[in-house]
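One letter stands for each residue in the lines below.
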Amino acid sequence: MTTLLDRTSFGAAANLVCRECGATYALGPGNACEQCFGPLEIGYDDSRLAQVTRDSIEAGPRTMWRYGGLLPVSPVVDLQVGCTRLVRADNLARELGMNSLWVKDDSGNPTHSFKDRVVAVAASAARTLGFSVLSCASTGNLANAVAAAAARAGMRSVVFIPHDLEAGKVVTTAVYGGTLVAVEGNYDDVNRLCAEVSGEQDDWAFVNVNVRPFYAEGSKTVGYEIAEQLGWRLPSQVVVPVASGALLTKVDKAWREFSSLGLVEPSPYRVFGAQATGCSPVSAAFKAGHDVVAPVRPSTIAKSLAIGNPADGIYALDVVRRTGGAIADVSDDQIVEGIRLLARTEGIFAETAGGVTVATLRALLASGQLDPAEETVILNTGDGLKTLDAVAPVAKPTATIAPSLAAFRAAGVA
Ligand SMILES: *Cc1c(COP(=O)(O)O)cnc(C)c1O
Ligand SMILES: [Zn+2]
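Residues numbered from 1 in each chain as written. Chains lettered and ligands numbered in written order. Predicted model: local features only at pLDDT ≥ 70, side-chain atom pairs only at ≥ 80, totals over all residues. Heavy atoms only, no water.

**Comments concerning helix α9 (residues 220–229)**
Here is step 1 of the chain: With nine of 10 residues buried, α9 is to be regarded as a mostly interior element.
Here is step 2 of the chain: Gly 231 sits one or two positions beyond α9 and adopts a positive phi of about 90°. (Buried < 20%, exposed > 50% of the residue type's maximum accessible area, 1.4 Å probe, protein only. Helix = DSSP H or I, 4+ residues; strand = E, 2+ residues; numbered from the N terminus.)

Structural data, given as structure tokens:
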């Protein structure tokens, strides 16, 4: 594909840089280094980044694009994503014996998960690079976000999902009218297939394959928002659910950028990762002290996190170890308990990934790895309405009664 690129559309982005060997490439599609096959990420022009100030951010829209000066593309596809609520969780903190706890609730995004952020950047980059088809391999939430963004942008979407995905994620993708392909395999099979398809369909933008460097940068806005919402400062601890590991690494990147640009006073923080035991390759590597992540075959109700071969796993390990955090994992029963605990104490209904995070917070407190006295932010990345099956067996009417006062009295619910 040949496209004449207008450099101003790419904001402060300067090039693509290999994370492993530092080789640089012109901005464009691509996610692997031609020298060493390492992953590519966006390189920025530092003097352009330095123009971003608290005032310039505060003068921006009440969406993630208020941080546009720190993102690699202009918002050509915009569903008004981001600026989700940061909720003080005093009830949950009390229950867990903590001093200060916040929930960053990304279920409030247009398609009810944090994936709208990565897709906003990927879709804008795809459009700017001249693609007219938006595609992805998805564990569910990405499917929703890609289909909705493509609809909004007038692009075609072709979304690939594992065939056994939750109904709440299939319906909420198909409704946007794009092409939805259910693949008889798990996410890692779907992802492998998409890598092959993208070789053939090089005029399709696979948001998490050939425009992945742009995609991943969208996750930084979670970190930026937390810092701004705390009054331009960083918390001491953060707990992040881990699928590919990209979100975890980008929260850290956001806080390092804010610190080096003088947007917050630099202060130490520890980054913690949360996984489901049924798909915990990064947690297993952390516990074993390994630098490599051995792939696993996922089996967990937390399907949105069920990536057995996580692309950014080793970089997530780096961030956790460098900041003095940890990665832990929790069982499916604990995930359900985590969902119920957050709902019961704070009135927030998380999807399974949020249950993983709450339950992992509890596990990290029990093991003494996370400090209950230090200010902590946990991420709820998705909406419980999409994963009703997880809690349906334990979330039922207290009583079912005849419409009479006698029946009400007899039910003993007064
Ligand atoms: C995709 C996803 C994550 C994690 O994303 P990665 O960047 O791949 O680690 C977390 N929570 C939910 C709900 C997701 O859909
Ligand atoms: Zn390289």
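**Topic: the side chain of Thr 360**
Here is step 1 of the chain: Mapped onto the elements of the fold, Thr 360 is located in helix α14 (residues 352–366).
Here is step 2 of the chain: By relative accessible area, Thr 360 is classed as buried at 0%.
Here is step 3 of the chain: The contacts of Thr 360, once residues within four sequence positions are left out, are Gly 273, Ala 274, Gln 275, Ala 328 and Val 330. (Contact = heavy atoms within 4.5 Å.)

**A short note on helix α10 (residues 246–260)**
Here is step 1 of the chain: For α10, which comprises 15 residues, the first-to-last C-alpha distance of 21 Å matches the rise-based estimate of 21 Å (1.5 Å per residue) to within 8%.
Here is step 2 of the chain: For α10, the buried fraction is high: 13 of the 15 residues fall into the buried class. (Expected span 1.5 Å × (residues − 1).)

**Remarks on the side chain of Thr 376**
Here is step 1 of the chain: Tracing the chain through its elements places Thr 376 in strand β13 (residues 376–380).
Here is step 2 of the chain: Ignoring anything within four residues of it in the chain, the contact list for Thr 376 reads Met 98, Ser 100, Leu 101, Trp 102, Gln 237, Val 239, Leu 361, Leu 370 and Asp 371.

**Looking at the pattern of salt bridges**
Here is step 1 of the chain: Summed over all chains, the structure comprises 22 salt bridges.
Here is step 2 of the chain: Between Arg 344 and Glu 95 there is a salt bridge, and its shortest N-O distance comes to 3.1 Å. Of the two residues, Arg 344 is situated in helix α13 (residues 332–346) and Glu 95 in helix α3 (residues 90–96); the sequence distance between them amounts to 249 residues.
Here is step 3 of the chain: The exposure class assigned to Arg 344 is exposed, which follows from its relative accessible area of 56%.
Here is step 4 of the chain: A residue is classified by how much of its surface remains accessible, and Glu 95, at 40% relative accessible area, is partly exposed.
Here is step 5 of the chain: It is possible to trace a salt-bridge network through shared partners that takes in Arg 19, Glu 41, Glu 217, Lys 220, Lys 250, Lys 253 and Glu 257. (Salt bridge = Lys/Arg side-chain N within 4 Å of Asp/Glu carboxyl O.)

On their own, these measurements won't tell you what the molecule is for.
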